[in-house]
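# Observations on the three-dimensional arrangement
Given next are the chains, with one letter for each unit.
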Amino acid sequence: MGSLFRSEPMCLAQLFLQSGTAYECLSALGEKGLVQFRDLNQNVSSFQRKFVGEVKRCEELERILAYLVQEIHRADIPLPEGETSPPAPPLKQVLEMQEQLQKLEVELREVTRNKEKLRKNLLELIEYTHMLRVTKTFVRRNVEFEPTYEEFPALDSDSLLDYSSMQRLGAKLGFVSGLIHQGKVEAFERMLWRVCKGYTIMTYAELDESLEDPETGEVIKWHVFLISFWGEQIGHKVKKICDCYHCHIYPYPSTAEERREIQEGLSTRIQDLYTVLHKTEDYLRQVLCKAAESVYSRAVQVKKMKAIYHMLNMCSLDVTNKCLIAEVWCPEADLQGLRRALEDGSRESGATITSFMNTIPTTETPPTLIRTNKFTEGFQNIVDAYGVGSYREVNPALFSIITFPFLFAVMFGDFGHGFVMFLFALLLVMNENHPRLSQSQEILGMFFNGRYILLLMGLFSVYTGLIYNDCFSKSVNLFGSGWNVSAMYSASHAPAERGKMALWNDSVVRRSRVLQLDPSVPGVFQGPYPLGIDPIWNLATNRLTFLNSFKMKMSVILGIIHMTFGVVLGIFNHLHFRKKFNIYLVSVPELLFLLCMFGYLVFMVIYKWLVYSAETSRAAPSILIEFINMFLFPTTATSGLYAGQEHVQRLLLAVTALSVPVLFLGKPLFLLWLHNGRSCFGVSRSGYTLVRKDSEEEVSLMGSQDIEEGSTPLEDGCREVTCEEFNFGEILMTQVIHSIEYCLGCISNTASYLRLWALSLAHAQLSDVLWAMLMRVGLRVDKTYGVLLLLPVMALFAVLTIFILLVMEGLSAFLHAIRLHWVEFQNKFYVGAGTKFVPFSFRRLSWKFSDDRA
Amino acid sequence: MLGSAELCFNVDHGYLEGLVRGCKAGLLTQQDYLNLVQCETLEDLKVHLQTTDYGNFLANQTNPLTVSKIDTEMRRKLCGEFEYFRNHSLEPLSTFFTYMTCGYMIDNVILLVSGALQKKSVRDLLGRCHPLGRFSEMEAVNIADTPSDLFHAVLVETPLAPFFQDCMSENTLDELNIEVLRNKLYKSYLEAFYNFCKDHGDVTAEIMCPILEFEADRRAFIITLNSFGTELSKDAREALYPTCGQLYPEGLRLLAQAEDFEQMKRVVDHYGVYKPLFEAVGDGSGGKSLEDVFYEHEVKMNVLAFTRQFHCGVFYAYTKLREQEMRNIVWIAECISQRHRTKINSYIPIP
């Protein structure tokens, strides 16, 4: 369990990978996901690295695979996406695989090209037949008469083509016919008119069915047109314009027989083409089906291979060029696994010399690794969203597991709502292996990832709801109220006692609208309710006043406990980082400051609860006044809570006042003293960069290694210099700023915890309003119609409860709980300046085929 | 406009302006150029470009990679971005975009006409046309024999039509006439664009007018330089100068009289903006060419356009900067592929 309290110890290891076995070793490492690689070639640009050729080859393979997937999708063949992930291919197989894939690609391209060609041909033929069919009607007259122009045609004014005028000109008549996109017809016609100055006649008709465009493959409407013109010159121009508008031009038959012949020829050719095309498609489908079986595992393999080469690119070569040197961060607990993985990799490749590793000392800050399971993951994510913890510092996530749902529940306290939330979370948890849930996106995905948080939040809300005695804004009388109303009547008391007490009789009860129970009357208050708030308060008009006082005090108490806990956790940090002086000079004054002021406030609250009873309540002093008087020293003596209160308060105030200068100056002065007296004691100012003190030889070893690497000596050098440099002014400033923040923060943070009260009040009131506005209206109607009305009212009540009270209010309470943790709790001890440990693991690769092609 | 661009510009064009600024942030940095220059082969170049905003735009190109493939793909990418802007734009920004494309359209028309004169195949020429200046009537350009034919038959419906007023002549299209036609078209185009920006007012005018003034003056200089030793008369030359630049009117008159580069330089001495530019020009082998100096100045102005907000100029500036970047990459790629590394560093850096 210690792993959640602090991040795991890391060590920097150097892997010596024999160049023959490096690939297999990394493959084994990637499967296990144990180590994070450091980039040793940071100043080498991406295309100058050693394995860039291999990466390129992988990219080439990926391109082919992408092409295959695209073709498979187009052919509507299902792609099997297996759960298994085959290991990265052995180097020997890579070439084979590449050859296979390339062959497949060439073959596919060939077949597809053929298919496209055939298809285009077919489409053109179909277009041609359509054109012939449509244009037949254009020149119907023409067919009836002989098509020789010498003959004088009938003067038919309603004929679509008026031959007589052409006849007189004696020019040769030409036809151009074809198909054009629907949208281009008008522009085409205008252009024809402008260029040919009206010496053409164009007839067109819309084709009743949509045809595929042979070039782009989209299905659109077409127009069939027939242009008749005379003269060579104009003919050329018309052809050019047709080219410009991408018309599909087909020869126009001059006689009826010719037309018939062409049509017959076309229909047989279309038949032939259909069969050929069918065969081609069948073959293509076969090829694709075969490819589809292996494409998924191939894609996974290629991705793994590419990842391995990317990692190898981060390694540096040693002097002899015989092995690669990689530097990795590895959790100390996994070192054994790392060794085994290296051995496995070496054995697999059958190399004589195994790859090996050794750990090297370092002054650099290792990355932070906190192992989580599905339960703790959500809480860790909340903490990481604020900042990834520094190496080996106390991890607040462990405590958040309880405090987070608890603070949430304080604001959300209603056991009806809590139970609904708990059920919802339970549903998610029970079905967590359901594939649709675990891959869900957006809002549902958010809920799913936080399902265990939700579960605990629901449970804790049930608890606080019981304490508040709230269930959908109504109280539940489980154990019987501790208040007895009948004891207030004068008849139930002996006449001797009656005189002192304000008892009720019939006339009082009848006349007054509001009556007050007096707990000091014997028999009225029979002792506290066993769990939470007495249900009788639900009937009381001064319920809010009572609850406000209770919740406000509770929030302050909870807040101060929470903050004190934060400061105490800081002590653990100082202990771990061997900075005891921080405990005496920072943590203890902080604790004193907090406890002497606000701890005393808490004490007063609890003291007053315990000491004063119903009888003495009139004499109880106000805590607010007492607390203010602690600072003001009033001249007139007040009664006070207890004897000697004044002296105690003076003492506490003195301690508070004294702890401030210690907080401000203690640490800087101590460090200055250390610096002047014992200068060898290296101290890092901020953060925890210097984790262990390096002995002389280790440092010198580091230095020599840096020179060997030639990679980042400059950076390291800088860091060491800053560690040793002592800047008193800076330390003083940092400490002063920190102290001011802390002292002011104590006050403002305490006030900030009042949001617990405010939110829980808001929640209770809102659910109360919802009940009063909806359910009470529904319940008031008499029973014949009430049933009819109650159903929609109930439905509306349920919907509003879920959306406003559960989702909206839940979100706002969640936000405030996060804020209380991040700001009020974590700033007492948490630095959060670490980097996350990102292991090289194949599991982190996404196996999905990329979506951009879909 | 109302002079209240700050208030209402974002209502219509805020999204696009945000987008274009994001795109601008994706321009290659100095570090990228340093890395590109180190590349040994075009494959290296591709690998490096993958780490930039270009992404894997070359992923679907089969080997071997050539400079022209890179160029085409880069243009396609720019064109895609531009089309996106244009399709999502509202008035007056969409008119502004139309004006931006007109320049490319003129170039394309001239390219096609002169190509047709040299009997090149249309398909070949279309490949060389700039994708930003594409329009549907473009391929029919070679029907026409005279400028007025060209106008009446082909261009009457395109945005280029208004620019044709000055160049309706019945001359046949020969080499020189085409050049004259191009310059006349460009002159009217620049003037129209200039007036549009000026009428638009606001920040757009403040940003775009200097850029267009510079563009006009640059054309004037280039025309003068190119006309030395040709049969173009001085009056004809003056008629080609765009009149919206800073040189107008005196500078242009003086420029029209210039007979060689030295005289041109003397004219320029009167203008504080251009004097340092001409002084930066190296003579002969060393130093920069006048073209490069102009490009550098243009880049500077375009980068400055991004310092103001709420104006259309950013779109113009972005397109021009991208184009300059493409020229740089093509230059570097050419140097790499021709193994001519000595001049590889003379690209124009975009700060």
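Calculation criteria
- Residues numbered from 1 in each chain as written.
- Chains lettered and ligands numbered in written order.
- Predicted model: local features only at pLDDT ≥ 70, side-chain atom pairs only at ≥ 80, totals over all residues.
- Heavy atoms only, no water.
- Helix = DSSP H or I, 4+ residues; strand = E, 2+ residues; numbered from the N terminus.
- Buried < 20%, exposed > 50% of the residue type's maximum accessible area, 1.4 Å probe, protein only.
- Contact = heavy atoms within 4.5 Å.
- Areas by Shrake-Rupley, 256 points an atom, 1.4 Å probe, with all protein chains shown as cover.
- Core = buried A, V, L, I, M, F, W, Y, C linked by side-chain atoms within 4.5 Å.
- Buried area = accessible area lost by both parts, 1.4 Å probe.
- Salt bridge = Lys/Arg side-chain N within 4 Å of Asp/Glu carboxyl O.
- Polar contact = N/O pair within 3.5 Å; in protein donor to acceptor, adjacent residues only side chain to side chain.
- Patch = residues over 30% accessible without salt bridge, like charges linked within 9 Å, V, L, I, M, F, W, Y side chains within 5 Å.
- pLDDT = per-residue confidence, 0-100.
- Phe/Tyr/Trp six-rings, centres within 6.5 Å; stacked < 30°, edge-to-face > 60°.
- Lys NZ or Arg CZ within 6 Å of the ring centre and 35° of its normal.
- Pairing = 2+ DSSP bridges.
- UniProt positions renumbered as here; feature names shortened; annotations may be inferred.

Glancing now at the overall build of chain B. Of the regular secondary structure elements, chain B holds 15 helices and zero strands. A total of 351 residues make up chain B; the buried ones form 54% of that total. When contacts within chain B are restricted to residue pairs at least 6 apart in sequence, long-range pairs at least 24 apart make up 65% of them. Only carbon and sulfur atoms are counted for the fraction: they give 51% of the accessible area of chain B, which is about 15,800 Å².

What tends to happen in soluble globular proteins is that the nonpolar side chains get buried as a cluster. Core analysis: the biggest nonpolar cluster contains 148 residues, and Phe 188 of chain A together with Leu 45, Phe 96 and Phe 193 of chain B have the highest contact counts within it. Ala 397, Leu 569, Leu 594 and Tyr 830 of chain A belong to the second largest nonpolar core, which has 73 residues in total.

In this section: the interface of chain B and chain A. With 24 residues of chain B in contact, the opposing surface of chain A contributes 19 residues. Carbon and sulfur atoms supply 54% of the area that chain B and chain A bury against each other, a total of about 1,800 Å² over both sides. Applying the counting criterion to the chain B and chain A interface returns one salt bridge. One salt bridge connects Asp 44 of chain B with Lys 56 of chain A, and the closest N-O pair in it is separated by 3.5 Å. Between the two partners, chain B and chain A, sit zero residue pairs in polar contact (both at pLDDT 80 or more).

Let's shift gears to a nonpolar patch on the surface. Residues and elements named next belong to chain A. A surface patch of nonpolar side chains, amounting to about 480 Å² of accessible area, comprises Leu 624, Ile 625, Ile 628, Phe 631 and Leu 632. Its location among the elements puts Phe 631 in helix H21 (residues 623–632). On the basis of relative accessibility, which here comes to 35%, the residue Phe 631 falls in the partly exposed class.

Residues and elements named next belong to chain A. Considering every residue of chain A, the mean pLDDT works out to 81; 87% of them sit at 70 or more. In the model, residues 141–170 has pLDDT below 50 throughout and makes 31 contacts with residues more than four positions away in sequence or in other chains. Segment residues 850–854: pLDDT under 50, and three contacts once partners within four positions in sequence are set aside and those in other chains are kept.

Attention now moves to the packing of aromatic side chains. Scanning the model with the defined rule gives 56 aromatic pairs over all chains in all. Arranged with centres 5.9 Å apart and planes meeting at 85°, the rings of Tyr 489 of chain A and Trp 504 of chain A form a pair that is edge-to-face. Here Trp 504 of chain A lies in the loop between helix H17 (495–498) and helix H18 (506–511) and Tyr 489 of chain A lies in the loop between helix H16 (451–468) and H17, a separation of 15 residues in the sequence. Residue classification places Tyr 489 of chain A among the partly exposed residues on the basis of a relative accessible area of 29%. Joined through ring pairs, the aromatic side chains of Phe 5, Tyr 386, Phe 399, Phe 565, Phe 572, Trp 822, Phe 825, Phe 829 and Tyr 830 of chain A make up one cluster. One residue, Lys 24 of chain B, lies across the ring of Phe 306 of chain B, its end atom 5.0 Å from the ring centre. Against the face of Tyr 186 of chain B rests Arg 219 of chain B, its NZ or CZ located 3.8 Å from the ring centre.

Right, let's get into the pairing of strand E7 (residues 222–230) of chain A. Residues and elements named next belong to chain A. Counting buried residues along E7, nine of its nine residues qualify, which places the element largely inside the surrounding structure. Along E7, one buried face is formed by Trp 222, Val 224, Leu 226, Ser 228 and Trp 230 and the opposite face, lined by His 223, Phe 225, Ile 227 and Phe 229, is buried too. Of the strand pairs in this sheet, strand E3 (residues 173–181) and E7 are connected by nine bridges, and their pairing is antiparallel. Within E7, the residue paired with Phe 175 across the bridge is Ser 228.

Attention now moves to the pattern of salt bridges. All chains considered together, the criterion is met by 29 salt bridges over all chains. Arg 347 of chain A is the salt-bridge partner of Asp 344 of chain A, the closest N and O atoms lying 3.2 Å from each other. Of this pair, Asp 344 of chain A and Arg 347 of chain A are both found in helix H10 (residues 335–349), three residues apart, which corresponds to roughly one turn of the helix. Here Asp 344 of chain A falls in the partly exposed class, since its relative accessible area comes to 26%. One salt bridge connects Arg 182 of chain B with Glu 179 of chain B, and the closest N-O pair in it is separated by 3.2 Å. On the criterion of helical spacing, the pair formed by Arg 182 of chain B and Glu 179 of chain B is a turn pair, its members being three residues apart in helix H8 (residues 175–200). On the basis of relative accessibility, which here comes to 22%, the residue Arg 182 of chain B falls in the partly exposed class. In this structure, a network of salt bridges that share partners links the residues Glu 60, Arg 63, Glu 105 and Arg 109 of chain A.

Attention shifts here to the UniProt feature "transmembrane region" (unreviewed entry) in chain A. Residues and elements named next belong to chain A. Sequence positions flagged by UniProt for "transmembrane region" (unreviewed entry) are, in local numbering, residues 406–429, 450–468, 554–572, 584–607, 651–674 and 786–808. Taken end to end, residues 554–572 has its terminal C-alpha atoms 27 Å apart, with 100% of it in helix and 0% in strand. Note that residues 584–607 is 100% helix and 0% strand, and that its end C-alpha atoms are spaced 30 Å apart.

Here the residue pair Glu 91 of chain B and Pro 92 of chain B is connected by a cis peptide bond, since its omega of -5° sits within 30 degrees of zero. Along the chain, Pro 92 of chain B falls in the loop between helix H4 (67–87) and helix H5 (93–117). Across the junction of Tyr 248 of chain B and Pro 249 of chain B, the peptide omega takes the value 0°, indicating a cis bond. Note that Pro 249 of chain B resides in the loop between helix H10 (234–240) and helix H11 (250–257). A positive phi angle, close to 60°, is found at Asp 76 of chain A, a residue other than glycine. Mapped onto the elements, Asp 76 of chain A comes out in the loop between helix H3 (52–74) and helix H4 (91–138). Here the phi dihedral of Arg 392 of chain A falls at roughly 65°; this positive angle occurs in a residue that is not glycine. The residue Arg 392 of chain A is located in the loop between helix H11 (377–386) and helix H12 (397–412) in this model.

This part takes up the confidence of the model for chain B. Residues and elements named next belong to chain B. With 95% of its residues at a pLDDT of at least 70, chain B reaches an overall mean of 84. Across chain B, helix H15 (residues 313–337) holds the top mean pLDDT of 91, while helix H7 (residues 147–154) sits lowest at 76. Reported confidences for the modelled complex are a pTM of 0.69 and an ipTM of 0.72.

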